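These are the residues of each chain, in order.
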Amino acid sequence: FIDPQAAPTSTFVWWAMAMSDHENIDVVVQETARRGLMAEADRKLERLALHPYRVPKHPFIPFSGWHSQSGSVIYSSALLQGYYLTGNSTYLDGAHEVLDMSFGANPLSQTFVTGLGKKPVIDPLDRISLDDGVDTPVPGMPSPGFTYHLPEFREPYIGVNKA
């Protein structure tokens, strides 16, 4: 089973449609977008409650991989959008919890934002930081973070996961 809502960016199009003030907007489509966005915000709250590190990532293991644990900045979007549409502080509180992973509340006690905290990520895979001639990475940049599982779509990842 593949969840069509698995992509962390799935609310961006809904957000654009729900917030449109275009004079010719189809109100049925706009309401459908708003409901889809709220359903995703609710789904993020459910996943947040189940995950030990408060990351509402998709639970399907083959979807896990690079960026699977500290995609908090993107994961919080649906919750922030839900808060904006409803004013319900549960969504805002959830968005704050989601960001905790990137800010150091994780098994490594490490921040996944470059230049932040006592133990920041120091070697992210980032072309700008690799090519700028400076030893430290560009400060303030979210990093993909660690993963417990690589994507299962091809070798060598399949073999690594079995090891």
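In short, a report on the structure. The shown structure was predicted, so the numbers you read here are calculated from the model rather than taken from an experiment. The residue numbering used here restarts from 1 in each chain and proceeds along that chain's sequence as written. Local features in this predicted model are restricted to residues whose pLDDT is 70 or higher, and side-chain atom pairs enter the listing and the counts only when it is 80 or higher, whereas totals over whole chains, interfaces and linings include all residues. For the side-chain quantities, the full set of heavy atoms in the structure was used; hydrogens and water were omitted.

What to know about the pattern of salt bridges
Any carboxyl oxygen of Asp or Glu within 4 Å of a side-chain nitrogen of Lys or Arg constitutes a salt bridge here. Scanning all chains against the criterion turns up four salt bridges. Here R34 and E31 are joined by a salt bridge, their closest N and O atoms 2.9 Å apart. Here R34 and its partner E31 are both found in helix α2 (residues 27–50), three residues apart, which amounts to about one turn of the helix. Only protein chains enter the area calculation, which uses a 1.4 Å probe; residues under 20% of their type maximum are buried, those over 50% are exposed, and those in between are partly exposed. Relative accessible area serves as the criterion here: at 30%, R34 is assigned to the partly exposed category. Between R43 and E40 there is a salt bridge, with the nearest N and O atoms lying 2.8 Å from each other. Of this pair, R43 and E40 both sit in helix α2, three residues apart, which is roughly one turn of the helix. A cluster of three or more residues bridged by salt bridges with shared partners is formed by E31, R34 and R35. Think of it this way: any DSSP run of H or I at least four residues long counts as a helix, any run of E at least two long counts as a strand, and we number them from the N terminus.

Overview of the nonpolar core
For the purposes of this section, nonpolar cores are sets of buried Ala, Val, Leu, Ile, Met, Phe, Trp, Tyr and Cys residues that join through side-chain atoms within 4.5 Å. Residues L37, M38, A41, L48, V55, Y75, L79, Y91, A95, V98 and M101 constitute the largest nonpolar core, which totals 11 residues. Contributions of two or more residues to this core are made by α2, α3 (72–86) and α4 (89–100). For this core, the leading source of residues is α2, giving four residues. Other than its neighbours up to four places away in sequence, M38 contacts G82, L85, T86 and Y91. The criterion used for residue contact is that any of the two residues' heavy atoms lie within 4.5 Å.

A closer look at α4
Helix span, as expected, comes to 1.5 Å for every residue beyond the first. With 12 residues, α4 extends 17 Å between its outermost C-alpha atoms, agreeing within 8% with the 16 Å of an ideal straight helix rising 1.5 Å per residue. Two N or O atoms count as a polar contact when they lie within 3.5 Å, although within protein this holds only if one can serve as hydrogen donor and the other as acceptor, and sequence-adjacent residues are included solely when both atoms are side-chain atoms. The opening residue of α4 is N88, an N-cap whose side-chain oxygen sits 2.8 Å from the backbone nitrogen of T90.

Comments concerning the environment of V27
As for its position among the elements, V27 is in helix α2. Separated by 10 residues in the primary sequence, V27 and M17 place their C-alpha atoms 9.7 Å from one another.

Points about unusual backbone geometry
With a phi close to 50°, S109 is a non-glycine residue in the positive phi region. Examined against the element boundaries, S109 turns out to sit in the loop between α4 and α5 (127–131).

Focus: the packing of helix α1 (residues 11–19) against α2
Angle between the axes and distance between the axes are the two parameters that describe a pair of packed helices. Interaxial angles span 0 to 180 degrees and are taken between N-to-C directions of axes, which are lines fitted to C-alpha atoms, for helices over the stretch in contact. Packing of α1 against α2 leaves a shortest axis separation of 8 Å and a crossing angle of 135°. By the angle class used here, α1 and α2 are oblique. Here α1 runs over α2; the crossing is left-handed. Where α1 abuts α2, its residues T11, W14, W15, M17, A18 and M19 lie against V29, Q30, A33, R34, G36, L37 and E40. Grouping the amino acids of the contact of α1 with α2 by side-chain chemistry returns eight nonpolar, three polar and two charged. What sets the label is the angle itself: under 35 degrees gives roughly parallel, over 145 gives roughly antiparallel, 65 to 115 gives roughly perpendicular, and the rest give oblique. Two helices crossing with the near one rotated counterclockwise from the far one by less than a right angle form a left-handed crossing, whereas a clockwise rotation gives a right-handed crossing. Lys, Arg, Asp and Glu make up the charged group, whereas Ala, Val, Leu, Ile, Met, Phe, Trp, Tyr, Cys and Pro make up the nonpolar group; the residues left over, Gly among them, are polar.

Some words on the side chain of T11
With respect to the helices and strands, the residue T11 is situated in helix α1. T11 gets classed as buried once you look at its relative accessible area, which sits at 1%. Reaching out from T11, the side chain makes a polar contact with the side chain of Q81 at a distance of 2.9 Å. Dropping the residues within four chain positions of it, T11 is found in contact with L37, E40, S77, A78 and Q81.

All quantities given are derived from atomic positions and should not be read as evidence of function.
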